[in-house]
Amino acid sequence: MIQLNTLLVDDEYSAIEGLRIRLEAFPEIKVIGSAASVDEAIKLLNNNDVDLIFLDIEMPTKSGFELIKYFQPENCPAVIFVTAFHQHAVKAFEVRALDYLLKPVKLARLSEAIDRVTKMEKFHRKNELIAVQQALADDLASEVAIPTHSEYKFEHENLVIQDAKNPIQIIPFKDILWIDAAGDYMCVHTPAETHVMRARLKELEKNTLPDDFLRIHKSTIVNLSHIKQLNPLRNSEYTAVLQSGKTLKVSRTYSKNLKSLFKH
C-alpha cells in the first residue's frame, strides 16, 4: 500500500492532536509532521516530500490561503482544508482544494476526503500526485488557469450552497432532479428534500450547472438524466415525466431543443 506523506497545519494544538488520532485509522496516511503557522509549514515543506496537507484557514499572522500561494507546480501537494468557519468554502474550492472539512471533523467525512486522494493516487501514481493541481500557481496569479489533470474535480461534480446564516450544503449534481426559480432564490429539488439558495437561474445555467442540465421553461431547469418520457400537449408544449413520477411543463420556447436531444 502506498502511503501519503501528510502534513497537519493548525495553530491549535488540540486540533492537530485530534486530527492526528483520527488519521491513525487510515493506514494510507503517514503523518510526517505538524505546524502551528504558515511559516513553520513552509520550513517543513522545504525539507520533506509532502503529498497531502490538512490545512486550517484562520491562523495568526498568515491564513491558510497564504500557504497555498507558496506552492509551485513542481511541489504542490493535495490540500484538504479543515476549519471551524464555513464562509471560506467557495474560495477554498476556487484554489482547487480537494475537500473542505468543518471542525469538529467527523470520521465519515474524513474518510470521504481521504478516499478522494487515494483514488487519485490509484490512477496517477504517487509521483504524479503533484500534477493533479499543476496549474494552481498560475490560477492564483491570473484567476484563469484551470487544472486539467485531476481525476476528481469538486466543482465539476457538486453544487455548493452557502449563506451567512446556515451551514454549507454540498449537493452532487447527479442527485438534483430539477431547479426552479422563485424571484432571487432557487429551489433545488433532490429525491430527499428541497434546498433553497440565493442565485439567479440564468447565472446557474451559464456558469455553474454541467451540460446535462437543460432549461425547459423560463423558471425551470431539469436534469436530463432523470427524465423518463415526454408527453405532448397542445401548441408544441410538452410535459416531462421524471423517473420519480414528477411532471414538469416544457414550454414551447424550449420544447424543440429538448425534443432534439431525445431523438438521438
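Here is a short report on the structure shown in this document. (Residues numbered from 1 in each chain as written. Predicted model: local features only at pLDDT ≥ 70, side-chain atom pairs only at ≥ 80, totals over all residues. Heavy atoms only, no water.)

Attention shifts here to the nonpolar core. In this structure, Val-9, Ile-53, Leu-55, Leu-67, Phe-81 and Tyr-100 are the most contacted members of the largest nonpolar core, which totals 25 residues. At the level of secondary structure, the elements contributing two or more residues to this core comprise β1 (4-9), α2 (38-47), β3 (52-55), α3 (64-70), β4 (78-83) and α4 (89-94). Looking at this core, the element that brings in the most residues is α2, giving 4 residues. Every residue in contact with Phe-81, bar those within four places of it in the chain, is listed here: Leu-55, Ile-57, Gly-64, Phe-65, Ile-68, Ala-92, Val-95, Ala-97, Asp-99, Tyr-100 and Leu-101. (Core = buried A, V, L, I, M, F, W, Y, C linked by side-chain atoms within 4.5 Å. Buried < 20%, exposed > 50% of the residue type's maximum accessible area, 1.4 Å probe, protein only. Helix = DSSP H or I, 4+ residues; strand = E, 2+ residues; numbered from the N terminus. Contact = heavy atoms within 4.5 Å.)

In this section: the sheet that holds strand β8 (residues 178-182). A sheet is described by the order of its strands in space; here 5 strands give the open sequence β10-β9-β8-β12-β11, paired in antiparallel fashion. Only two strands of the sheet have a single partner each, and these edge strands are β10 (194-198) and β11 (213-217). Taken pair by pair, the neighbouring strands of this sheet meet at an average axis angle of 25°, ignoring direction. As defined by bridge partners, β8 adjoins strand β12 (residues 220-223) across 3 bridges and the pair is classed as antiparallel. (Pairing = 2+ DSSP bridges. Axes fitted to C-alpha atoms, helices over the stretch in contact; angles between N-to-C directions.)

Turning our eyes to something else, we now look at the sheet that holds strand β14 (residues 238-242). Judged by pairing direction, the sheet is antiparallel, and its 3 strands sit side by side in the order β13-β14-β15 without closing on themselves. Because the sheet does not close on itself, it has two edges, and the strands there are β13 (227-232) and β15 (247-250). Averaged over all pairs of adjacent strands, the angle between strand axes in this sheet comes to 25°, irrespective of strand direction. Bridge analysis of β13 against β14 gives 5 bridges, and the strand direction is antiparallel. Within β14, the position partnered with Leu-230 by the bridge is Ala-240.

The subject of this paragraph is the packing of aromatic side chains. Per the stated rule, a full pass over the model turns up 2 aromatic pairs. Aromatic side chains Phe-173 and Phe-213 sit 6.1 Å apart centroid to centroid with 70° between the ring planes, which places their arrangement in the edge-to-face category. Separated by 40 residues along the polypeptide, Phe-173 in the loop between β7 (169-172) and β8 and Phe-213 in strand β11 bring together distant segments of the chain. Neither residue differs from the other here; Phe-173 and Phe-213 are each classed as buried. (Phe/Tyr/Trp six-rings, centres within 6.5 Å; stacked < 30°, edge-to-face > 60°.)

Going from Lys-103 to Pro-104, the amide bond is cis rather than trans, its omega being -10°. Considering the arrangement of structural elements, one finds Pro-104 in the loop between β5 (99-102) and α5 (107-124). For Thr-61, which is not glycine, the phi dihedral falls at a positive 75°. Classification of Thr-61 as exposed rests on a relative accessible area of 81%. One non-glycine residue with positive phi stands out, namely Ser-236, at about 65°. Here Ser-236 lies in the loop between β13 and β14.

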